[in-house]
Amino acid sequence: MGRIAILLADRCHPKECQWECQNYCPPVRMGQECIVESKETGKPIISETLCIGCGICVHKCPFDAIKILNTPTADEAEIVHRYGYNGFRLYRLPLPPTKGITGLLGPNGTGKSTALRVLAGTEVPNLGRWDVPPTWEAVVQHYRGTAFAAHFQRIQRGELRSVVKPQYVDRLAEEPQTLAEYVGASGGDPRDLLAQVGLATKGDRRLTELSGGELQLGAIARTLGTDADLYLFDEPSSYLDIVHRLAVARILRRLGERKSVVVVEHDLALLDYLADQAHLVYGEEAAFGVISHPIAMRSAVNTYLTGYLRDENVRFRTEPVRFISHPPKPPARRNVAVAFDALDKRFDRFHLTVGAGELARGETVGIVGPNATGKTTFVRMLAGAETPSAGTPPPGVTVSYKPQYLKVTQPASLRERIETLQSDPTFDARLLERELVPGLHLDGVLDVALPDLSGGELQRAAVALCLARPATLYLLDEPSAYLDSDERMAMARLLRRQIERSGATALVVDHDVYFLDLGCDELMVFRSVRPDGSEGRGDGPFPMREGMNRLLKDVQVTFRRDPETLRPRINREDSVLDREQRAAGEYYYEPLDR
Ligand code: SF4
Ligand code: SF4
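Residues numbered from 1 in each chain as written. Chains lettered and ligands numbered in written order. Predicted model: local features only at pLDDT ≥ 70, side-chain atom pairs only at ≥ 80, totals over all residues.

A. Quick peek at the overall build of the protein. When its secondary structure is counted, the protein shows 20 helices and 27 strands. In terms of overall size, the protein behaves like a compact globule, its C-alpha atoms giving a radius of gyration of 25 Å where 594 residues would be expected to give roughly 25 Å. Along the three orthogonal principal directions, the C-alpha set of the protein runs to about 75 × 60 × 55 Å. Considering the protein as a whole, with its 594 residues, one finds that 45% of them fall into the buried category. (Helix = DSSP H or I, 4+ residues; strand = E, 2+ residues; numbered from the N terminus. Rg over C-alpha atoms; globule rule 2.2 N^0.38 Å. Buried ≥ 20, exposed ≤ 12 C-beta atoms within 10 Å, placed from the backbone.)

Below you can see the structure in the form of structure tokens.
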């Protein structure tokens, strides 16, 4: 156990505070130079040797800019990279075998993307010596005699060919190229690559015209087209529906049969299905990350859910995550909040029909199905933002809506936003401050300008603001995007609890099976009626068993239960269990008589 002091430089504003960190620090008051001002940055430098770990500076800093942490492992020799004296540090690396798929599983902000860049050879690790320019020579020397030696020697000699699929694919939408030009830059045949990911007809579209899912598939196609030894995929499932997630998983599994592949992924069911082994990453966001030794895939997810890494005697979750293998019992009495007619919407090239349905008070209803089947159009019709061609949206429904793509238009911080909304009678600032901000772990970013938040932080802030508007119906489009697995599970539970408590109803469009399992009471299922995608159909809500069976029958996937944690696991195609479950029509839950 060692102590580290982290200064979050973007939150430290030494001209706007009284230097409380330094003024209240006990060693400083005893005349020791525990906190001094940096001549270069004008910000504090905290001595980890002199610090006694009292935590006073952490509480006194008005901008929450300091973290003093005890790390389970603080062996300086294991530091791979350190961003400055009081900066983030990454301990250990994953070692990809020459063939097969290795997963990286852990919270956001714990160094997974840094690890990918180091493995790819695009970032030279400084081995903790942040004040000396790093070199590959030093890295090779450091890892001499270890399993990493050959890998870094290949990088040093320029012999390792690697490619990274970037995390934030929506940024590609700023590029002026067509999809075929972007994919063709990999050196592969764009027509063949786009056909592999199901975008054969979209090659001449500009990147600016594509949806998030199409950009993701384009980025995957370009990565696949690159002739490399090491393929690194940073969050390949973002924006993809369940059909495309499975299709991408199958493509990556085929790639893993002949190449070395590393995947960072937060959809646990997907990672479990596609990877052979995984390294868990634990630590503290923006402070430090430790990469575990490799663990066989099934044990890796189970260890992650139980929260105790036996090998290293580290507990990173106080309560294990539990699943139930049987569907939840439907309530004895349903109190209908919103009843909607059959709705019909015709566009030039798309026709949507939705069967009549009822949404009950206090229930969270998942909306599932492939992209481009009309889920968002349905949500917009209920919200009154789209007029149906036939059928009438339910009258008198007040709606609070969290869109799929988040755009920040104001430079304000979340705290400033809340202050402005205090006087808004259509907003519950108390609920936001007391329940949603702590429940979604937003306390630490209240003073950060919204444009500076990470994708996951912005998503949590948007969900909090949406839930703080009193309404009959909450519509949340892909609330799990950019969240790590822990944040997804925490949000699923908070959402369900909050909706139950308020007696409102929530409709949630999402593709993460664990999120839906933990967060939803019922499901609406959307599907494409015609092979050319010109007609979509939505039905429900259905109880969870029926909803999951309808969805998974459409996408031809069955799940079994892990005996230890009861978590759902995707069956291998055409395995004995897969065939048995299809024959019984039980795609997700255990049969009731078991
Ligand atoms: S860490 Fe906090 S208290 Fe210290 S200088 Fe920075 S903003 Fe001020
Ligand atoms: S935690 Fe360390 S740096 Fe902070 S006030 Fe206490 S002794 Fe000083």
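We are not done yet, so read on.
B. Layout of the environment of Thr223. Residue position: Thr223 is located in helix α9 (residues 212-225). Considering only alpha carbons, one finds Thr223 and Pro166, 57 residues apart in sequence, at a separation of 9.3 Å. Other than its neighbours up to four places away in sequence, Thr223 contacts Val163, Lys165, Tyr231 and Phe233. (Contact = placed C-beta atoms within 7 Å.)

C. Representation of the site of ligand 2 in the model. The local shell around ligand 2 holds 14 residues, among which Cys25, Cys51, Cys54, Ile56 and Cys57 are the closest. At the level of elements, α2 (26-29) and α3 (56-60) are the ones that each hand at least two residues to the shell around ligand 2. In terms of residue class, the shell around ligand 2 is made up of twelve nonpolar, two polar and no charged. (Near = placed C-beta within 6 Å. Nonpolar A, V, L, I, M, F, W, Y, C, P; charged D, E, K, R; others polar.)

D. Spotlight on the site of ligand 1. Of all residues adjacent to ligand 1, which total 13 residues, the nearest are Cys12, Pro14, Cys17, Cys21 and Cys61. For the shell around ligand 1, the residue count by class is ten nonpolar, one polar and two charged.

E. A look at the nonpolar core. Counting 159 residues, the largest nonpolar core has Val263 and Ala464 as the members making the most contacts within it. Discounting chain neighbours no more than four positions away, the residues touching Ala464 are Leu432, Leu436, Val437, Leu440 and Leu442. (Core = buried A, V, L, I, M, F, W, Y, C linked by C-beta atoms within 7 Å.)

F. Quick peek at α9. Given a rise of 1.5 Å per residue, 14 residues ought to cover 20 Å, and the 20 Å separating the end C-alpha atoms of α9 matches this to within 8%. Taken across its 14 residues, α9 has 13 buried, putting it largely inside the fold. (Expected span 1.5 Å × (residues − 1).)

G. Geometry of the sheet that holds strand β25 (residues 535-543). As summarised here, the arrangement of the eight strands in space is β17-β18-β25-β24-β20-β23-β22-β21, forming an open sheet in which the pairing is mixed. Of all the strands in the sheet, just β17 (343-346) and β21 (399-402) have a single pairing partner and so form its edges. Direction aside, the axes of adjacent strands within the sheet are offset by 15° on average. Across four bridges, the pairing between strand β20 (residues 364-368) and strand β24 (residues 522-528) is parallel. Among the inter-strand pairings, Gly366 is bridged to a residue of β24, identified as Leu523. Helix α19 (residues 544-555) rests against β20, β24 and β25 of the sheet, and its axis sits at about 20° to β24. (Pairing = 2+ DSSP bridges. Axes fitted to C-alpha atoms, helices over the stretch in contact; angles between N-to-C directions.)

H. Summary view of unusual backbone geometry. Note the cis peptide between Gly540 and Pro541, where omega equals 5°. For Pro541, the position within the fold is in strand β25. One non-glycine residue, Ala372, lies in the positive phi region at around 60°. Within the fold, Ala372 resides in the loop between β20 and α13 (375-382).

I. Layout of the pairing of strand β7 (residues 100-105). Among the six residues that make up β7, five are buried, leaving the element largely enclosed by the rest of the structure. Here β7 pairs with strand β10 (residues 260-264) via five bridges, running parallel. Considered in β10, the bridge of Leu104 is made with Val264. Sheet analysis places β7 next to strand β11 (residues 277-284), joined by four bridges and oriented parallel. Across the sheet, the residue bridging to Gly103 is Ala278, located in β11.

J. Representation of the domain arrangement of the protein in the model. Taken domain by domain, the protein consists of domain 1 (2-71), domain 2 (164-228) and domain 3 (336-584). One C-alpha centre belongs to domain 1, the other to domain 2; they are set 46 Å apart. (Domains from an automatic or database assignment.)

K. View of the packing of α9 against helix α10 (residues 242-256). Running from N to C, α9 and α10 point in directions that differ by 10°, and their axes come no closer than 12 Å. The angle between α9 and α10 falls in the class roughly parallel. Contact with α9, carried on its side by Gly213, Leu217, Ile220 and Leu224, involves His244, Val248, Ile251 and Leu255 of α10 and no other residues of that element. By residue class, the composition of the contact of α9 with α10 is six nonpolar, two polar and no charged. (Parallel < 35°, antiparallel > 145°, perpendicular 65-115°, else oblique.)

L. Representation of α10 within the structure. Between its terminal C-alpha atoms α10 stretches 21 Å, which fits the 21 Å expected from 15 residues at 1.5 Å a residue. Of the positions making up α10, those classed as buried are Ile242, Val243, His244, Arg245, Leu246, Val248, Ala249, Leu252 and Gly256. Packing partners of the buried residues in α10 comprise β7, α9, β9 (230-234), β10, α11 (268-274) and α19.

M. Inspection of the environment of Gly455 at higher detail. Positionally, Gly455 belongs in helix α16 (residues 455-467). Sequence separation between Gly455 and Tyr482 is 27 residues, and the spatial gap between their C-alpha atoms is 5.6 Å. Residue contacts for Gly455: discarding those within four places in its chain leaves Tyr168 and Tyr482.

N. Local environment of the environment of Pro425. With respect to the secondary-structure elements, Pro425 resides in the loop between α14 (414-421) and α15 (429-439). Counting along the chain gives 44 residues from Pro425 to Arg469, while the straight-line C-alpha distance between them is 9.3 Å.

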